[in-house]
Amino acid sequence: MNDHHSPEEPSVGQVMGILSGYWQTKLLFTAVESDVFTRLSGAPATAEDLARSLGHRMPGARDFLLALAGIGLLEATDDGTFHNSPAAERYLVSGRPEFVGGYLKFCESELNPAWDGLSESLRTGEPRNTAARAGNPYYSLYEDREVTHSFLESMDMFNTPLSRRVSDLDWEKHQSFVDVGGARGNLAHHLVTTHPHLTGTVFDLPQLEQPFTEYMKTLGDQGAVSFHGGDFFTDPLPEADVLVFGHVLHNWGAEDRVTLLRKAHAAIRPGGAVLVYDPMVSNSRPPLYATLASLSMLVWSAGGGEYSVGECHAWLKEAGFRPETIGPEDTPDDVFVIGHVDR
């Protein structure tokens, strides 16, 4: 008799493959923490040599490297040496422009522990994080200087390609903008560099003024971007032609989103607009990345989650804007929605 599984028959391997995802994540975090990929950049090494360099013991060190090769982050040669895969060389070598190590540290210290409270969040609709339940998880995040640096570094990495898309929009009829929740000003600096007639303001929590000032110095900014500290739920937003909400609204619940958009409407000068971008979706079966991102906001932030383009349009209308979607929908990239002010 033939006892092979048919292609349609379920296999326990599917379940075990999901389970091993946790182990693979720990492999990645441990390798970045040990700076494996930076050590191997341009300098392939044997397991024995790398173990001595890292202070690891054999044979576990060899299994560790083989496992990293198994998940595609290292490549092993016939002579027993290991070197970085193209993906690791590009994204996991410290000091590279696209290094994601900062975001991995943020995930390890903030997001992943929050996922331990998924069952509780599903029952209560609230995060386990006490700071988030109090209203703003960023207050506690910014208490740790090292975690803050890692988080801001990763945000710069992620928003650099978005900065190019924002710069490609038509800015000719506008003179000023405010990047709400703009962190240390990476997007704002890119925008004023591309469009020198613009002046920009970053509005964020006061704790970020020093990181903003230090980062602007490294970029050689000549004062075209300023910092305005405050809490956008308790303080008025600075006045400007355009207000930008990039990766901001998904941190909060629907009522808070409308509140923020109304405050934006009050701050925008006649003929101006609000720009919103997030990984919005428009269908009933969104891609996995969108639902995982939404659950991350559920467990970490104060009622946050991803949302649809239609919902964004509805909130903009409720706040007094005339909404317009820019670019394609149902894409892995962020969707841009502009709310025009007709006054």
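In this report, the structure presented in the accompanying data block is examined. Every chain is numbered on its own, with residues counted from 1 as its sequence reads. Totals for whole chains, interfaces and linings use all residues, but because this is a predicted model, local features are given only for residues with pLDDT of at least 70 and pairs of side-chain atoms are given and counted only at 80 or more. With hydrogens and water excluded, all non-hydrogen atoms of the structure serve as input to the side-chain values.

As for unusual backbone geometry
Glycine aside, negative phi is the norm for most residues, and most peptide bonds take the trans geometry.
Okay, so step 1: Looking along the chain, the bond that leaves Met58 and enters Pro59 is cis, with omega of 5°.
Okay, so step 2: Counting from the N terminus, the helices are DSSP H or I runs at least four residues long and the strands are E runs at least two residues long. Inspection of the secondary structure assignment puts Pro59 in the loop between α3 (47–54) and α4 (60–70).
Okay, so step 3: Backbone geometry places His247, a non-glycine residue, at a positive phi of 55°.

Considering the sheet that holds strand β3 (residues 81–84)
Okay, so step 1: If DSSP finds at least two bridges between two strands, the strands pair. Across the sheet, three strands lie side by side as β1-β3-β2; this open sheet has antiparallel pairing. Strands at the two margins of the open sheet, each flanked by one partner only, are β1 (45–46) and β2 (74–76).
Okay, so step 2: With two bridges joining them, β1 and β3 adopt antiparallel strand pairing. Bridge pairing in β3 places Thr46 opposite Thr81.

Some points on the packing of aromatic side chains
Okay, so step 1: Pairing of aromatic rings covers Phe, Tyr and the six-membered ring of Trp, with a centre-to-centre limit of 6.5 Å; geometry is then stacked below 30 degrees between planes, edge-to-face above 60, and tilted otherwise. As enumerated under the stated definition, the model contains 15 aromatic pairs in all.
Okay, so step 2: Aromatic pair Tyr138 and Tyr142: ring centres 5.9 Å apart, planes at 35°, arrangement tilted.
Okay, so step 3: The class of Tyr142 is buried, set by a relative accessible area of 12%.
Okay, so step 4: Here the aromatic rings of Tyr142 and Phe151 are separated by 6.3 Å at their centres, their planes lie at 55°, and the arrangement is tilted.
Okay, so step 5: Judged by relative accessible area, which is 6%, Phe151 ranks as buried.
Okay, so step 6: Put simply, the rings of Tyr103, Phe106, Tyr138, Tyr142, Phe151, Phe158 and Trp300 pair up and form one aromatic cluster. Type-normalised accessible area, obtained with a 1.4 Å probe on protein chains alone, sets the label of each residue: buried when under 20%, exposed when over 50%, and partly exposed for intermediate values.

Overview of the nonpolar core
Okay, so step 1: We call a set of buried residues a nonpolar core when its members are Ala, Val, Leu, Ile, Met, Phe, Trp, Tyr or Cys and they connect through side-chain atoms within 4.5 Å of each other. Phe37, Leu65, Leu68 and Leu92 are the most contacted members of the largest nonpolar core, which has 63 residues in total.
Okay, so step 2: Of the residues forming this core, the biggest block, six residues, is contributed by helix α10 (residues 145–167).
Okay, so step 3: Among the nonpolar cores identified, the runner-up in size contains 31 residues, and Phe245, Val276, Val309 and Val335 belong to it.

A closer look at helix α13 (residues 254–267)
Okay, so step 1: The first and last C-alpha atoms of α13 sit 20 Å apart over 14 residues, in line with the 20 Å expected at 1.5 Å per residue.
Okay, so step 2: Where α13 is concerned, the buried positions are Arg257, Val258, Leu260, Leu261, Ala264, His265 and Ala267.
Okay, so step 3: If you follow the buried residues of α13, they end up packed against β7 (240–246), β8 (268–278) and α15 (309–318). By definition here, a helix of n residues has an expected span of 1.5 Å times n minus one. Contact between two residues is taken to exist if any of their heavy atoms lie within 4.5 Å; hydrogens are not considered.

A word on the packing of helix α6 (residues 101–115) against α10
Okay, so step 1: Between α6 and α10, the shortest axis-to-axis distance is 7 Å and the interhelical angle comes to 130°. Here α6 is positioned oblique relative to α10, judged by the angle of their axes. In the crossing of α6 with α10, the sense of the turn from one axis to the other is left-handed. Packed against α6, whose contacting residues are Gly102, Tyr103, Lys105, Phe106, Ser109 and Glu110, the element α10 presents Val147, Ser150, Phe151, Glu153, Ser154, Met155 and Phe158 at the interface.
Okay, so step 2: Residues are sorted three ways: Asp, Glu, Lys and Arg are charged, Ala, Val, Leu, Ile, Met, Phe, Trp, Tyr, Cys and Pro are nonpolar, and all the rest, Gly among them, are polar. Among the residues making up the contact of α6 with α10, the classes are represented as six nonpolar, four polar and three charged. Angular values range over 0 to 180 degrees, each being the angle between N-to-C directions of two axes fitted as lines to C-alpha atoms, with helices fitted over their stretch in contact. Roughly parallel means an angle under 35 degrees; roughly antiparallel means over 145; roughly perpendicular covers 65 to 115; every other angle is labelled oblique. By convention the crossing between two helices is left-handed if the near helix lies anticlockwise of the far one by an angle smaller than a right angle, and right-handed if it lies clockwise.

Functional significance is not addressed by these values, which are geometric in nature.
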